[in-house]
Amino acid sequence: MPGSRTDDGAVAVSATDYMWFVDLALGQMAGIVEELGDDLANRRPPFRGGNSAFVILTHCLGVMEYWGGATVAERPVRRERAAEFSASGNVAELLRRTEHARRRLREDIVGLHAMAAPVGVRPDPDDPVPYTQAKGAALIHILEELFQHLGHMQITRDALVAGARR
């Protein structure tokens, strides 16, 4: 049943396998912003509420830093989530930050105790999601966010490229 936790065993995945999926999503996102270049990567798509590819990747790096760094690795992080949604800048620098975030997440999961409670996250009784209760689930939440936002970025790229051709 969703939201209920029992000791029903654990599903294990190696850090190498986990990072393969992280690398897959980040590699595709990095490829998209590189393909778009500074101008289009910083442009919002022509539909309401859409974010630029630069914003989307910046937000994903914030997700990785918070959930991987603060809640899983238990290290202090400084994240300005609201600022992620107005980010803009140079693609080459964003790609460097992406590589740094990838390396940092790899370090953050060394020695992980997947069933341990994540730090600094309070479960919401009205929304009992597992990533507030186990570090392994917090890592799955990172993957959820990366792949969800990869899809957003692909739609954004397609809309911008189509608009640039007109």
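Residues numbered from 1 in each chain as written. Predicted model: local features only at pLDDT ≥ 70, side-chain atom pairs only at ≥ 80, totals over all residues. Heavy atoms only, no water.

## Re the overall build of the chain
Within the chain one finds five helices and zero strands. Its helices and strands taken in sequence order, the chain reads α-α-α-α-α from the N to the C terminus. In terms of overall dimensions, the chain is globule-like: its C-alpha atoms have a radius of gyration of 17 Å, near the 15 Å expected for 166 residues. By the burial criterion, 40% of the 166 residues in the chain qualify as buried. Across the chain, every contact between residues at least 6 apart in sequence was considered, and the portion connecting residues at least 24 apart equals 74%. Carbon and sulfur atoms form 54% of the exposed surface of the chain, whose accessible area is close to 9,600 Å². Positive and negative charge centroids in the chain, built from 19 and 22 side chains respectively, lie 6 Å apart. (Helix = DSSP H or I, 4+ residues; strand = E, 2+ residues; numbered from the N terminus. Rg over C-alpha atoms; globule rule 2.2 N^0.38 Å. Buried < 20%, exposed > 50% of the residue type's maximum accessible area, 1.4 Å probe, protein only. Contact = heavy atoms within 4.5 Å. Areas by Shrake-Rupley, 256 points an atom, 1.4 Å probe, with all protein chains shown as cover. Lys, Arg positive; Asp, Glu negative; His and termini not counted. Charge placed at Lys NZ, Arg CZ, Asp CG, Glu CD.)

## With respect to the packing of aromatic side chains
What the rule picks out here adds up to three aromatic pairs. Ring centres of Y66 and W67 lie 5.0 Å apart, and the angle between their planes is 85 degrees; this geometry places the pair in the edge-to-face category. W67 sits in the buried class, given a relative accessible area of 12%. Between the aromatic rings of W67 and Y131, the centroid separation amounts to 5.2 Å while the plane-to-plane angle is 90 degrees, which identifies the pairing as edge-to-face. Linking W67 in helix 2 (residues 53–72) with Y131 in the loop between helix 4 (91–108) and helix 5 (135–165), this pair joins segments that are 64 residues apart in sequence. Judged by relative accessible area, which is 21%, Y131 ranks as partly exposed. Ring pairing ties together the aromatic residues Y66, W67 and Y131, which thus form one cluster. (Phe/Tyr/Trp six-rings, centres within 6.5 Å; stacked < 30°, edge-to-face > 60°.)

## Focus on the nonpolar core
The biggest cluster of nonpolar side chains holds 38 residues, and the ones touching the most others in it are Y18, V22, V33, M64, L105, I142 and L146. Counting only elements with at least two residues in this core, the list comes to helix 1 (15–41), helix 2, helix 4 and helix 5. Here the element with the most residues in this core is helix 1; it accounts for twelve residues. With sequence-adjacent residues up to four places away left out, L105 is seen in contact with Y18, M19, V22, M64, G68, L139 and I142. (Core = buried A, V, L, I, M, F, W, Y, C linked by side-chain atoms within 4.5 Å.)

Take it as geometry only, folks, not as evidence of what the structure does.
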